[in-house]
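Working through the structure, step by step
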Amino acid sequence: MVEVTETVAICRKQGASVISITDSPAAPVCKESELALFVSAASPTFGSSIIGPLFLVHVLTSALAISLGEQAKKALEEQTAFLYDTRIFHPVFGLKY
């Protein structure tokens, strides 16, 4: 999708680290990626489903959180406090965490 590629390029220019999960090294998003992970579109575990990539992201972020230890715990606690800040996320909007 052109929108995804353009958004990734903008994020990269703003200093974001980009890791892509795609089925081909020729995918346009790869030129903006610091790291590209390749999974066959024919894979029975990934295929066209969003579940496979989400599972992979969960595994990678869990490994990162464990390796960062106390620093990751502090960052997650700060994120939790932010998500429950009713000045930003008012309960009337029905946001559930």
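Only a predicted model underlies this, so the values are computations on that prediction, with no experimental measurement involved.

**Considering the nonpolar core**
Core analysis: the biggest nonpolar cluster contains five residues, these being Val8, Val18, Ala27, Val29 and Cys30. Every residue in contact with valine 18, bar those within four places of it in the chain, is listed here: Val8, Arg12, Glu32, Ser33, Glu34 and Leu35.

**Description of a nonpolar patch on the surface**
Judged by side-chain polarity, Ile50, Ile51 and Leu54 come together as a nonpolar surface patch covering roughly 340 Å² of accessible area. Tracing the sequence through the fold places isoleucine 50 in the loop between strand E2 (35-38) and helix H2 (51-68). Taking relative accessible area as the criterion, isoleucine 50 reaches 58% and is therefore assigned exposed.

**Topic: the pairing of strand E1 (residues 19-22)**
Here E1 shows a clear split, with Ser20 and Thr22 buried on one side and none of Ile19 and Ile21 buried on the other. Note: E1 against E2, four bridges, orientation parallel. Residue pairing in the sheet places serine 20 in a bridge with alanine 36 of E2.

**So, the side chain of serine 33**
With respect to the element layout, serine 33 can be found in the loop between E1 and E2. Residue classification places serine 33 among the buried positions, given a relative accessible area of 14%. In terms of polar contacts, serine 33 uses its side chain to reach the side chain of serine 20, at 2.9 Å. Leave out the neighbours within four places in its chain, and serine 33 touches Val18 and Ser20.

**Structural notes on H2**
With 18 residues, H2 ought to run about 26 Å at 1.5 Å a step, and its terminal C-alpha atoms sit 26 Å apart, in line with that. Note on H2: the residue one or two positions beyond its end, glycine 69, has a positive phi of about 60°.

Definitions and limits used
Note that residues are indexed from 1 along each chain, following the sequence as it is written. Only residues with pLDDT of at least 70 are given local features in this predicted model, and only at 80 or more are side-chain atom pairs given and counted; all residues enter the totals for whole chains, interfaces and linings. Computation of side-chain values covers all heavy atoms of the structure but excludes hydrogens and water. Take the buried Ala, Val, Leu, Ile, Met, Phe, Trp, Tyr and Cys residues and link them wherever side-chain atoms come within 4.5 Å; each set so joined is a nonpolar core. The classification of residues rests on relative accessible area computed with a 1.4 Å probe and restricted to protein chains. Under 20% of the type maximum is buried, over 50% is exposed, and intermediate values are partly exposed. Any pair of residues with heavy atoms lying within 4.5 Å of one another is described as a contacting pair. A patch consists of residues exposed above 30% relative accessible area that lack any salt bridge, with like charges linked at up to 9 Å and nonpolar side chains (Val, Leu, Ile, Met, Phe, Trp, Tyr) linked at up to 5 Å. Surface accessibility in these figures is a Shrake-Rupley result with a 1.4 Å probe; residues are shielded only by whichever protein chains are displayed. Salt bridges are counted wherever a side-chain nitrogen of Lys or Arg sits within 4 Å of a carboxyl oxygen of Asp or Glu. Secondary structure elements follow DSSP: runs of H or I of four or more residues count as helices, runs of E of two or more count as strands, with numbering from the N terminus. We treat two strands as partners when DSSP finds at least two bridges between them. Any pair of nitrogen or oxygen atoms within 3.5 Å is treated as a polar contact; in protein, a donor-acceptor pairing is required on top of that, and neighbouring residues in sequence qualify only through side-chain atoms on both sides. By definition here, a helix of n residues has an expected span of 1.5 Å times n minus one.

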